[in-house]
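Summary of structural features
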Amino acid sequence: MRILGIETSCDDTSAAVVDGREVLSSVVSSQDALHAVYGGVVPELAARRHLESIQAAIGLAMKRACADFDSLDAIAVTRGPGLVGSLLIGLSVAQGLGMRTGLPVYGVNHLEGHVLSPLIESELALPFLAMIVSGGHTAVYLVEDVGSYKEAASTRDDSAGEAFDKGAKMLGLGYPGGRLMDETARDGNRAAVVFPRGRVRAERFAFTFSGLKTSLWDYLNKQQEHASLEDICASFQEAIVDVLVSRAGELMTVCGVPRLAVAGGVSANSRLRGAVAEYGAANGCEIVFPPLRYCTDNAAMIAHAAALRMERGLPGDPLHAVSRLPLGPRLQAA
Ligand SMILES: Nc1ncnc2c1ncn2[C@@H]1O[C@H](COP(=O)(O)OP(=O)(O)OP(=O)(O)O)[C@@H](O)[C@H]1O
Ligand SMILES: [Mg+2]
């Protein structure tokens, strides 16, 4: 099953070609430099830049895969969740190509792309838990099968990626902050500053990161003496990682599922990767991550998710853009 994937849900313009689970090409045109001066994604600018970059990204992905449209079986495109203006560019281009070539166009939930991305290069038996830690989401899903997901936990306020980005902004590290904080924290002391590990009282497994953000602001603005930048970053990062690892661990125990896939932009974090792997080794759990190039937004994970769904005869999503889109119902036991 040869599929051209198109992903424009936020600020990365991406196209890829897959053949079943094999990625033949993956092109990501980042808009980081465009948005860096504003300290965050400006939706209107993102949509305009997608429009400028999308044709070239598709052309390059097709060329690198040595593919022509006659050799494809379908076009897969992200239809949400994301910025509607950005999504509309990908959806319009995909549908235009579909009309021109006669290829079917298959709508994909961006979150399903992330959840299944660890399976691009790794195996994990079903059922497993998938923790998405990205710019817009922080949630844990019980993956019963491809296409069958139950939400076991989600965040009540910020996502882990937002916590990294906002913390990095307060520390003057630049944008996007997650990777910069990861790098700055590398040689820092994780115990130098004690930041809170947030918990929602009424919901045992829910995430909350707003208190952590406030706590960093208070530390920077109300205290006279400060630890080094490296130590603050390492301590702040540790508070996020600690919550993610302990919550995922609790859920694996409660669900009786000792298998975890971690995905989304924050899954590129070196400390999170180390801490989750340590937890897995100590508790006999199998852990998989996507390769670093498939952690942040990319069209390969969209085409890959479409390939797995099509193999099982599952239908594509409707082709209209939506900003919010759940991946599945809440898991009652959680
Ligand atoms: N090494 C890293 N450490 C921590 N965070 C990181 C790292 N690399 C990227 N990130 C964070 O990942 C986030 C971007 O991830 P991703 O591209 O998956 O999110 P998104 O597509 O914007 O959101 P969503 O997938 O929820 O719609 C940003 O918040 C960024 O700071
Ligand atoms: Mg994403």
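Residues numbered from 1 in each chain as written. Chains lettered and ligands numbered in written order. Predicted model: local features only at pLDDT ≥ 70, side-chain atom pairs only at ≥ 80, totals over all residues. Heavy atoms only, no water.

1. A look at the coordination of the magnesium ion (ligand 2)
Defined as follows: The rule for donors is simple: an N, O or S atom within 2.8 Å of the metal counts, and for Na, K and Ca the reach is 3.2 Å. Water is not among the atoms, so a site may look short of donors. A run of H or I in DSSP becomes a helix once it reaches four residues, and a run of E becomes a strand once it reaches two; helices and strands are each numbered from the N terminus. Burial status follows relative accessibility: with a 1.4 Å probe on protein chains alone, a residue under 20% of its type maximum counts as buried, one over 50% as exposed, and anything between as partly exposed.
Protein-derived coordination of the magnesium ion (ligand 2) comes from His110 (NE2), His114 (NE2) and Asp297 (OD), at a distance range of 2.0 to 2.2 Å. Mapping the donors of the magnesium ion (ligand 2) onto the primary sequence yields the spacing H-x3-H-x182-D. With His114 in helix 4 (residues 110–116) and Asp297 in the loop between strand 10 (286–288) and helix 10 (299–311), this residue pair connects regions lying 183 residues apart in the sequence. Residues His114 and Asp297 agree in their burial class; the two are buried.

2. Remarks on the pairing of strand 7 (residues 138–145)
Convention followed: Between any two strands, pairing holds if DSSP finds at least two bridges.
Of all eight residues in strand 7, six are buried; the element is thus mostly enclosed. The pairing of strand 7 with strand 8 (residues 148–154) spans six bridges and is classified as antiparallel. For Asp145, the partnering residue across the bridge sits in strand 8 and is Ser148. In this antiparallel pair of consecutive strands, strand 7 and strand 8, the connection spans two residues, and Gly147 shows a positive phi of 90°.

3. Side note on the site of ligand 1
Here is the rule: In these notes, residues near a molecule or strand are those with any non-hydrogen atom within 4 Å of it. Any pair of N or O atoms that falls within 3.5 Å is considered a polar contact. Within protein, one atom must be able to donate a hydrogen and the other to accept it, and sequence-neighbouring residues count only if both atoms are side-chain atoms. The method behind every accessible area is Shrake-Rupley, applied with a 1.4 Å probe, and residues are considered shielded solely by the protein chains displayed. Residues are sorted three ways: Asp, Glu, Lys and Arg are charged, Ala, Val, Leu, Ile, Met, Phe, Trp, Tyr, Cys and Pro are nonpolar, and all the rest, Gly among them, are polar. A domain assignment, automatic or from a database, supplies the domain bounds used here.
Taken together, 21 residues surround ligand 1, and among them Ser134, Gly136, His137, Asp165 and Asp297 come closest. A distance of 2.6 Å separates an oxygen atom of ligand 1 from a polar atom in the side chain of Asp165. Taken by itself ligand 1 offers 650 Å² of open surface, and the protein chains cover 89% of this. Going through the elements one at a time, helix 4, helix 5 (160–170) and helix 6 (177–185) are the ones with two or more residues in the shell around ligand 1. Broken down by class, the residue content of the shell around ligand 1 amounts to five nonpolar, twelve polar and four charged. Structurally, the shell around ligand 1 is a two-domain feature, drawing no fewer than three residues from each of domain 1 (2–115 + 296–311) and domain 2 (124–289).

4. Description of the domain arrangement of the protein chain
The line we're drawing: Contacts were defined at the residue level, with two residues in contact if any of their heavy atoms lie within 4.5 Å. By definition, the buried area sums, over both parts, the 1.4 Å-probe accessible area that each loses when the two are put together.
Considered domain by domain, the protein chain is made up of domain 1 (2–115 + 296–311) and domain 2 (124–289). Facing 16 residues of domain 1, the contacting portion of domain 2 comprises 14 residues. Where domain 1 abuts domain 2, roughly 1,200 Å² becomes buried across the two surfaces, and 71% of that area is made up of carbon and sulfur atoms. The largest share of the area that domain 1 buries against domain 2 comes from Leu111, His114 and Val115, three residues that together contribute 44% of it. Our count for the contact surface shared by domain 1 and domain 2 stands at one residue pair in polar contact (both at pLDDT 80 or more). In terms of residue count, the dominant contributor to the side of domain 1 that touches domain 2 is helix 4 (four residues). When the residues that make up the side of domain 1 that touches domain 2 are grouped by side-chain class, the tally is seven nonpolar, five polar and four charged.

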